[in-house]
Amino acid sequence: MPSLNGISDAVIPPSLSPQPTHITQKILKEDATGYIAPEFEGKAKQMELVMDLLEEKGFIPVDFIESETNWFYTSLGIDDVYFKYESVEAITNHILSLYAGKIAAFSRADGRVEVRLDREEEDHAVYIDTSTPGVSVLKGPQYEQRIDEKYLDISTAARAYRVETFRSSSPLMSDTSSIQRLRCYFVYQCDFVNPTPDPEETDLSIVSDKTFLEKVTPNTKQIYQSVVAAVIERRTGPVIKMFEIENSQEKRLVIGFKQRSTMGLFSALSDLYHYYGCTSTRKYVEQFSNGVTVMSLYLSPMPNKPGQPNRQSRFPPIDDSIQQIMKEVSLLYCIPQNMFQQHFIKGELSLQETIYAHSVCLFVGHFLNRLGPEYAALTGLLDNSNSEHAETLSKLKRRLRQETFTSDYIFEIINQHPELVRSLYLAFANAHYVQTRGEADTFLPTLSYQRLQMDRVLSNEELAVKISRAVANENQEKIMLQFITFNSNVLKTNFYTPTKMAVSFRMSPKFLPEEEYPQPLFGMFMVVGSEFRGFHLRFRDIARGGIRIVHSRNKEAWSMNVRSVFDENYNLANTQQRKNKDIPEGGSKGVILLDAEHQDKPTVAFQKYIDSILDLLLPPTSPGIKDPIVDLHNQPEILFMGPDENTANLVDWATEHAKARGAPWWKSFFTGKSPSLGGIPHDVYGMTSLSVREHVEGIYRKLNIDPSTVRKMQTGGPDGDLGSNEILLSNEKYVSIVDGSGVLVDPQGLSKEELLRLVKARQMISNFDVTKLSEEGYRVLIEENNVTLPNGEVVVNGTIFRNTFHLRTDIKYDVMVPCGGRPEAVDLGNVGCLIKNGVSTVPYIVEGANLFITQDAKLRLEKAGCILYKDASANKGGVTSSSMEVLAALAFDDRGFVENMCVRDGKVPEFYQDYVKSVQETIRNNARLEFEAIWRENEQTGKPRSLLSDELSVAITNLDEELQRTELWNNVALRTSVLNEALPHTLVEKIGLDKILSRVPENYLKAIFGSYLASRFVYEYGSNPSQFSFFDFMSKKLNALVKN
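In this text, all values refer to a predicted model and were calculated from it rather than measured experimentally.

(A) Fine view of the overall build of the chain. The helix and strand tally for the chain stands at 39 helices and 27 strands. By residue count, 59% of the 1044 residues in the chain fall in the buried class. Within the chain, residue pairs in contact and separated by at least 24 positions form 71% of the contacts whose partners lie at least 6 positions apart. Looking at the chain as shown, the accessible area adds up to about 41,100 Å², and 50% of this sits on carbon and sulfur atoms.

So this is what it looks like as structure tokens:
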């Protein structure tokens, strides 16, 4: 029995006004159709030809030919466009198939007519099917899903398809009580008035399909005009409007959205309105060349079925049904096809219950603690603070997770227990649903229209008992109990926000087991979209880190990425935390994993991820569009984000979107944005590379090495940020470079001139002029196979050769600088390739790329004599630049920020130039301080530099947190002195210290105060200073105050 869930009970206004407005508009009865079919002048002649051909074929008795042809032409609601496009032969075949279906019905026990026709051409398609009004099709050809997949989901401005579909007004069999009707679908390739308009253009006379303009009525055109304009203005998410037809129960639902921003919506909408007891007489999908799709559905109450109770006893009144449909369209837009869709189609679960189950199923796959007591015992025996032990535990954890509960098994168990999902969802809804209409909010969470009373909300203890009684074994119990864990740790969600792009959850990370995640997180977001899943993790309230998009080459790679994505996110954020030791922000990171079928949608996924997180950060300002949410966290939150893999070209959009949504902190929301928005691009100014180079040159300086004599190997090529700037700043002899396109080698040294050409063009080594290689040089691209190298070796597979080249030792080099590549490219299993006879074949490694080498592999290399500086030390230049970009955004008011930090019309403000130089000098200074501290500690203690890097980071971050809790902050003179020293002098001179202190949030200033004192102390006294060292350090600071 279907349950009717009135959870998302907010009103969707027919305009973008932030004020509440009435949800409906009237359409005059004479304009109810919305379209006027252009008359096909040759229709009568065509009918005659069709009847002649039918008589010639001889299948239909002559006495029935005219009546069957007239019925097809006049009773099915097919307009003249179909007859204009189709040939006489095609129409004849359609009539014959329909007649055959009627004949076959007499031999069936149930008397049902089965007619299924389809014809697909290059520029149009026709589908005809028998269907029962108000019933979703579970079997058969499923034409609506086919139309979604083949035409609508792929539609773009360059190639788009419009759809018209009609249901016949008369039954298929005149002498039967069946309510079966014929449903016809017509798909046409669009022929736009202007195929390439300005993306902001909204004039329908410019962006419409020519056939649409011929058929549309003035009133309908006006409706579409307002929806298209609203989609362009809002930029994200669906626009939903409803119109009443005068003197009719029929309602017209109009939905607009950006093309390719959702998948499978056309067919999923049928499931939604069927669930609420509605059927459609006509549906239209219109495309516009500015990238907008508009769907128009004409909905009516489901007709009563013979032998079944009346509609009124099974479903709410039509007005209430339409209200529910409108409110749930946004949820359907987020995830049109969820894993538990079959339960929804059958009426066993509501849409909200199935999407809730879908979200929790993903949660269980990532967080079910399946490691067992043996793993916990092992963690007690090993030292978590030992990086090598931690690395081993991490790998063991990954294998245990991979080989126990699979995602398919988790789905299967949840799928078997819809009754448990209903009870668990009710507890979730009871905590997070906001009744926005007060007494008028008649639909309550999981109210089943057929039940006499609403289900009681069970406590966690009662839910646990119910689960134990319902499941078959302990494994099933573990999975279903994770629903309670999920419910208990969701602090806020946009699940019930009227309009949204993806479903987001702000979670308490306290459920994460300490033995698996020893460093506790401060905050955690989980985002679920139709094309992706994503997380955002941070270790402090004030934290900053990049957002990366993870692609998967194939389904197998995607499955591996699913298993590792959260741990990779955690480790990246943890690395960021250690890397951020010099700056006020703690570490954070966001990861977006594209689904296997949606690798071509990084932009859409990123936009949905950002927008849905903003839903949880910003107060609602538009009733009916963004309504209040339940906030169990009850603390304001600001996230500081930046670019990372595959997102550098998207941060401008995120900045402008945050501004458009009214975020007061839009200037500091994203770093790495364009200079026109006040950003300091890392690649243009080589910010990350400056820190890497400081460590590389530090090694040369300490060992008195002439860089021009050094042979160098680099991963990450001239097309990337880090790789390109490393080439620009370096003066070693390059002997090999590996990038996304392949491998480039020359033992005699690669042409620096040719490398610089590629750097300036930001091109991969696939564009290297191979005539500039010596006789010993070669290039192998990933798409190449069976390549013979100069030494006679045959490379069978170019991709495998590229992926493993960094482990080869036949090319001799002195320094390796990883500037790109996937995490854990060198691990405990393959590090032996780089060690011969107990000695590292690579004398020096400076890890520019994050997590390129695992911690246990680093320690093995250092034990074998390699001088190695890890990522958390070497590549922190980018985070320093981003932090100072955030500081400038917080310190300036909007006007000052635009004048001094935004490059306009190619003119760079003088302050901007000075500030960039200040940032670069700060990066070099911080890198130099850390390099010297680690070198000194290594000489004194003999500890591996990889461990010392971590110890320095931990010492600084721990002392930082302690300092922020002490009374030192209340010493105004000390506070002012430290901040004056810590803040960039260019910024202080421009704005003034007092103004900066009044504008920048106090918790951010405290973070600056603590991080500056802590880093300077640890760099000077080491990670394990004597008990009097800090007293000595602070005495110097306080004595300096007295002298001044």
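(B) The arrangement of the layout of surface pockets in detail. A volume near 1,100 Å³ is recorded for the second largest pocket. Forming the boundary of the second largest pocket are 38 residues, of which Met339, Leu362, Arg533, Trp558 and Asp595 lie nearest the centre. When residues of the lining of the second largest pocket are traced back to their parent elements, those giving at least two are α5 (143-152), α13 (351-367), α15 (387-403), α16 (407-415), β13 (532-538) and α20 (555-579). For the lining of the second largest pocket, a count of residues per class yields 13 nonpolar, 14 polar and 11 charged.

(C) Inspection of the nonpolar core at higher detail. Counting 101 residues, the largest nonpolar core has Leu253, Ile325, Tyr356, Ile414, Met480 and Phe495 as its most contacted members. When residues in this core are grouped by element, the largest group, 10 residues, is from α13. The residues touching Ile414, leaving out its near neighbours within four places in the chain, are Phe340, Ala357, Cys361, Val421, Ile479, Met480 and Phe483. Among the nonpolar cores identified, the runner-up in size contains 70 residues, and Ile867, Met884, Leu979 and Ile1008 belong to it.

(D) Broad picture of the sheet that holds strand β27 (residues 867-869). Strand order in this open sheet of seven strands is β20-β19-β18-β17-β23-β26-β27, and the pairing throughout is mixed. A strand with exactly one partner marks an edge of an open sheet, and here the two such strands are β20 (778-781) and β27. On average, each strand axis in the sheet is inclined to that of its neighbour by 10°, with strand direction left out of account. Pairing of strand β17 (residues 711-715) with strand β18 (residues 733-739) involves five bridges; the strand directions are parallel. Across the sheet, the residue bridging to Met713 is Ser736, located in β18.

(E) Focus on the pattern of salt bridges. Under the definition given, this model contains 62 salt bridges. Put simply, Glu120 and Lys150 hold a salt bridge, and the shortest N to O gap is 2.6 Å. Taken as a pair, Glu120 in strand β2 (residues 116-120) and Lys150 in helix α5 lie far apart in primary sequence, 30 residues in all. Its relative accessible area of 26% is what places Glu120 among the partly exposed residues. A salt bridge links Lys858 to Glu847, with the shortest nitrogen-to-oxygen separation between them at 3.1 Å. With Lys858 in helix α29 (residues 855-863) and Glu847 in the loop between β26 (844-846) and α29, the pair connects residues that are 11 residues apart, well separated along the chain. No difference in accessibility class separates Lys858 from Glu847, as the two residues are buried.

(F) Here's a closer look at the sheet that holds strand β10 (residues 490-493). In space, the seven strands of this open sheet follow the order β10-β11-β12-β13-β15-β14-β16, with mixed pairing throughout. Here the strands that pair on one side only, and so sit at the sheet edges, are β10 and β16 (640-643). On average, adjacent strands in this sheet sit at an angle of 20° to one another, irrespective of strand direction. Relative to strand β12 (residues 523-528), α13 is tilted by about 125°, and along the sheet it contacts β11 (503-507), β12 and β13.

(G) Expanded view of the side chain of Arg808. Structurally, Arg808 is set in the loop between α28 (798-804) and β23 (815-818). Within polar-contact distance, the side chain of Arg808 engages the side chain of Asp810 at 3.0 Å. Once you skip the residues sitting within four places of it in the chain, Arg808 turns out to touch Leu789, Glu793, Phe801 and Tyr813.

(H) Quick peek at the pairing of strand β3 (residues 124-131). β3 sits mainly inside the fold: eight of its eight residues count as buried. Here β3 shows no split at all, with His124, Val126, Ile128 and Thr130 on one side and Ala125, Tyr127, Asp129 and Ser131 on the other all buried. For β2 and β3, the ladder comprises five bridges, and the chain directions are antiparallel. Among the inter-strand pairings, Asp118 is bridged to a residue of β3, identified as Tyr127. Taking the residues between adjacent antiparallel strands as the criterion, β2 and β3 are bridged by three residues.

(I) Representation of helix α38 (residues 1002-1021) within the structure. Here α38 is 20 residues long and its end C-alpha atoms lie 28 Å apart, about the 28 Å a rise of 1.5 Å per residue gives. Two residues or fewer after α38 comes Gly1022, characterised by a positive phi angle close to 90°.

(J) Inspection of the environment of Met263 at higher detail. Looking at where Met263 falls in the secondary structure, it is placed in the loop between β7 (251-258) and α9 (265-275). Put simply, Met263 and Glu149 are 114 residues apart on the chain and 8.0 Å apart in space, counted from C-alpha to C-alpha. Other than its neighbours up to four places away in sequence, Met263 contacts Asp153, Pro336, Glu531, His598 and Lys601.

(K) Spotlight on helix α4 (residues 88-105). Helix length check: α4, at 18 residues, gives a terminal C-alpha distance of 26 Å against a target of 26 Å (1.5 Å per residue), a fit within 8%. Listed in full, the buried residues belonging to α4 are Val88, Ala90, Ile91, Thr92, His94, Ile95, Leu96, Leu98, Tyr99, Gly101, Lys102 and Ala105.

(L) Expanded view of unusual backbone geometry. Phi is positive for Asn634, which is not a glycine, with a value near 60°. With respect to the helices and strands, the residue Asn634 is situated in the loop between α21 (602-617) and β16. In this structure, Glu824 is a non-glycine residue whose phi angle is positive, near 65°. Here Glu824 lies in the loop between β23 and β24 (835-836).

Definitions and cut-offs
Residues numbered from 1 in each chain as written. Predicted model: local features only at pLDDT ≥ 70, side-chain atom pairs only at ≥ 80, totals over all residues. Heavy atoms only, no water. Helix = DSSP H or I, 4+ residues; strand = E, 2+ residues; numbered from the N terminus. Buried < 20%, exposed > 50% of the residue type's maximum accessible area, 1.4 Å probe, protein only. Contact = heavy atoms within 4.5 Å. Areas by Shrake-Rupley, 256 points an atom, 1.4 Å probe, with all protein chains shown as cover. 1 Å grid on protein atoms, 1.4 Å probe; cavity = no way out; pocket = protein on both sides within 12 Å on 5 of 7 lines; lining within 4 Å. Points joined across faces, edges and corners; volume = space filled by probe spheres on them. Nonpolar A, V, L, I, M, F, W, Y, C, P; charged D, E, K, R; others polar. Core = buried A, V, L, I, M, F, W, Y, C linked by side-chain atoms within 4.5 Å. Pairing = 2+ DSSP bridges. Axes fitted to C-alpha atoms, helices over the stretch in contact; angles between N-to-C directions. Salt bridge = Lys/Arg side-chain N within 4 Å of Asp/Glu carboxyl O. Polar contact = N/O pair within 3.5 Å; in protein donor to acceptor, adjacent residues only side chain to side chain. Expected span 1.5 Å × (residues − 1).

Everything listed here is a matter of geometry and, on its own, says nothing about what the molecule does.
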